[in-house]
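Geometric and topological summary
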Amino acid sequence: MKVQAAVSRDATRPPELETLDLEEPRAGEILVRMVATGICHTDINVHERDRSPKPIVLGHEGAGIVERVGSGVTRLAPGDPVILSANFCGECPSCRQNAHSYCYEVLPRNFGGRRPDGSTPLSQGGSPINARFFGQSSFATHALADEGSAVLAPSDLPLEIMGPLACGVMTGAGAVINSLEVRPGQSIAVFGTGAVGLSAVMAAKIVGATRIIAVDVVPARLALAMELGATDSIDASAGNAAQVIKERTRYGVDFTFNTTRSPAIFAQAMESLAPRGMAGFVGAPLSPWTPDMFQILAGGRTLRGIIGGDSSPAMFIPLLIEYYRQGRLPFDRLIRFYPFQEIARAFADCEHGTTVKAVLRM
């Protein structure tokens, strides 16, 4: 079938809409008519990397309606609203423990641009176009995904807001709830208040953290963080945020959560910790950074990498939806909608920080 998709061909221009051919669903796959999809900084980063497999259709926060299913699909049926999450094998030790973010095949399945057998469902004039980004490539009017990667969405809530639950919101909230396991009465500093960081702020309030410190350089985002549950805000452009955190808390915080890739912020996040504190992060630093091993050893501190908020989407996304129903996770306040045809403007607004979470309406 013919579909419209935003194709990344090089890093010098944003993805552009093109007409492509999409295969019918194979065994275990579902064909989804996309309603909306979020733009994540991972999409932008992969688009801008020369070493990523191009041409490729990106997008990995998709939400849509199942139109057709392949053989062997039993959990979903045409007409079902779904949220698409990352791909996983379902068989490795991590998957057997519902730690799907750490699937042993996470990199080739989500960043390789192909199915495990080397095929791609997209083509143009007979030439293959890389797809299967996070198992979906949702920057398109239609996408194929594995049944196991889809989460049934509620029919009484707007489907167009649901896509970010599968990555940005799940990563931030999951980092606090699942990875760091923040408890009532504890403290956390969140470095970077984009969609992931603000989701962490909301989750920290949900679990009862009594000190939630938001750190950023954008005043509007710091103001939003305060509205969503932060107790303190720090403008990182004014100096070393770690020094301010130590001054305000005396001993430092129990947890830090770094959503940036700045080596300087990695150092500040570690410096902000109280003894036995844990520093979580979701992206590798842009340039080499060496942790202070004595600081880690002497204080019993922990540096913890986090992917996908340590979440099993099938279990965690319904919990996030329930928090949203209760008014405790108003993630829709982060969203700004764009027509699919304006993906270039949406990309630019994300890169410039003028939009927290861009969502493309198909």
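Read on for a plain summary of the structure. (Residues numbered from 1 in each chain as written. Predicted model: local features only at pLDDT ≥ 70, side-chain atom pairs only at ≥ 80, totals over all residues. Heavy atoms only, no water.)

**Things to note about the sheet that holds strand 13 (residues 232-235)**
- Pairing is parallel in the open sheet, where six strands are placed in the order 13-12-11-14-15-16. Because the sheet does not close on itself, it has two edges, and the strands there are strand 13 and strand 16 (302-305). Each strand axis lies, on average, 20 degrees off the axis of its neighbour in the sheet, ignoring direction.
- Most of the contacts of helix 4 (residues 168-179) go to strand 14 (residues 253-258), to which it runs at about 150 degrees, and overall it touches strand 11 (187-191), strand 14, strand 15 (273-281) and strand 16.
- Packed on one face of the sheet, helix 8 (residues 263-271) meets strand 11, strand 14, strand 15 and strand 16 and runs near 145 degrees to strand 15. (Pairing = 2+ DSSP bridges. Helix = DSSP H or I, 4+ residues; strand = E, 2+ residues; numbered from the N terminus. Axes fitted to C-alpha atoms, helices over the stretch in contact; angles between N-to-C directions. Contact = heavy atoms within 4.5 Å.)

**Let's talk about the pattern of salt bridges**
- Going through the model one piece at a time under the given rule, you end up with 22 salt bridges.
- Across the pair Arg 336 and Asp 349 runs a salt bridge whose closest N-O atoms are separated by 3.5 Å. Of this pair, Arg 336 sits in strand 17 (residues 335-339) while Asp 349 is found in helix 11 (residues 343-352), placing the two residues 13 residues apart along the sequence.
- A relative accessible area of 14% means that Asp 349 is categorised as buried.
- Shared partners join several salt bridges into a network, and the residues in it are Glu 23, Arg 26, Glu 29, Arg 115, Asp 117, Arg 132 and Asp 146. (Salt bridge = Lys/Arg side-chain N within 4 Å of Asp/Glu carboxyl O. Buried < 20%, exposed > 50% of the residue type's maximum accessible area, 1.4 Å probe, protein only.)

**Let's talk about the side chain of Glu 61**
- Examined against the element boundaries, Glu 61 turns out to sit in strand 5 (residues 61-69).
- A polar side-chain atom of Glu 61 sits 3.0 Å from the main-chain amide nitrogen of Gly 168.
- Residues contacting Glu 61, with those up to four places away along its chain left out, are Ala 36, Thr 37, Gly 38, Ile 39, Cys 40, Gln 136, Ser 138, Gly 163, Pro 164, Cys 167, Gly 168 and Lys 357. (Polar contact = N/O pair within 3.5 Å; in protein donor to acceptor, adjacent residues only side chain to side chain.)

**Section: the packing of helix 5 (residues 195-207) against helix 6 (residues 219-228)**
- Look at helix 5 against helix 6: their axes get within 9 Å of each other, and the N-to-C directions meet at 20 degrees. Overall, the two elements helix 5 and helix 6 adopt an arrangement that is roughly parallel. For the pair helix 5 and helix 6, the sense of crossing is right-handed. Facing Leu 198, Val 201, Met 202 and Lys 205 of helix 5, the residues of helix 6 in contact are Arg 221, Leu 224, Ala 225 and Leu 228.
- Looking at the contact of helix 5 with helix 6, its residues break down into six nonpolar, no polar and two charged. (Parallel < 35°, antiparallel > 145°, perpendicular 65-115°, else oblique. Left-handed = near helix turned anticlockwise from the far one by under 90°. Nonpolar A, V, L, I, M, F, W, Y, C, P; charged D, E, K, R; others polar.)

**With respect to the side chain of His 60**
- By secondary structure assignment, the location of His 60 is in the loop between strand 4 (56-57) and strand 5.
- Of the residues examined, His 60 reaches a relative accessible area of 1% and is grouped as buried.
- Among residues more than four places away in sequence, those in contact with His 60 are Thr 37, Cys 40, Thr 42, Asp 43, Leu 84, Phe 133, Phe 134, Gln 136, Ser 138 and Cys 167.

**Some remarks on the packing of aromatic side chains**
- If you walk through the whole model with that rule in mind, you get seven aromatic pairs.
- Between Phe 139 and Phe 347, the ring centres sit 6.2 Å apart and the planes meet at 70 degrees, which makes this aromatic pair edge-to-face. Taken together, the residues Phe 139 in the loop between strand 8 (127-129) and strand 9 (142-146) and Phe 347 in helix 11 connect sequence positions 208 residues apart.
- Note on Phe 266 and Trp 289: the rings are 5.2 Å apart at their centroids and 45 degrees apart in plane angle, and the pair reads as tilted. (Phe/Tyr/Trp six-rings, centres within 6.5 Å; stacked < 30°, edge-to-face > 60°.)

**Digging into the pairing of strand 17**
- By the bridge criterion, five bridges tie strand 17 to strand 18 (residues 357-361) in an arrangement that is parallel. Counterpart to Phe 337 in the pairing with strand 18 is Val 359.
- Note that the unit made of strand 17, helix 11 and strand 18 has a crossover that is right-handed. (Right-handed = clockwise from strand over helix to strand, strands pointing away.)

**Some remarks on the environment of Arg 325**
- Counting through the fold element by element, Arg 325 comes out in helix 10 (residues 313-325).
- Residue classification places Arg 325 among the partly exposed residues on the basis of a relative accessible area of 41%.
- Residues Arg 325 and Leu 157, spaced 168 residues apart in sequence, show a C-alpha to C-alpha distance of 9.1 Å.
- In this view, Arg 325 contacts Pro 154, Asp 156 and Leu 157; residues no more than four positions away in its chain are not counted.

**Observations regarding the pairing of strand 6 (residues 81-84)**
- Alternating residues of strand 6 divide into Pro 81 and Ile 83 and Val 82 and Leu 84, and every residue in both groups is buried.
- When strand 5 meets strand 6, the two strands line up antiparallel, connected through three bridges. Paired with Ile 65 across the strands is Pro 81, a residue of strand 6.
- Across three bridges, the pairing between strand 6 and strand 10 (residues 150-152) is antiparallel. Looking at the pairing, Val 82 lines up with Leu 152 of strand 10.

**Describing helix 11**
- The complete set of buried residues in helix 11 reads Ile 343, Ala 346, Phe 347, Asp 349 and Cys 350. Burial along helix 11 is one-sided: seen end-on, the buried residues are contained in an arc of 165 degrees.
- Each element contacted by the buried residues of helix 11 is listed here: strand 1 (2-8), strand 2 (16-22), helix 1 (41-48), strand 17 and strand 18.
- Looking one or two places after helix 11, you find Gly 353, whose phi comes out positive at around 80 degrees. (Arc of directions from axis to C-beta.)

**Thoughts on the environment of Ala 242**
- Relative to the elements of secondary structure, Ala 242 occurs in helix 7 (residues 241-249).
- Taking the relative accessible area as the measure of exposure, Ala 242 reaches 0% and is therefore buried.
- Considered as a pair, Ala 242 and Ala 195 are 47 residues apart in the sequence and their alpha carbons are 22 Å apart.
- Those residues within four positions of Ala 242 in sequence are excluded, and the remaining contacts are Gln 268, Glu 271 and Ser 272.

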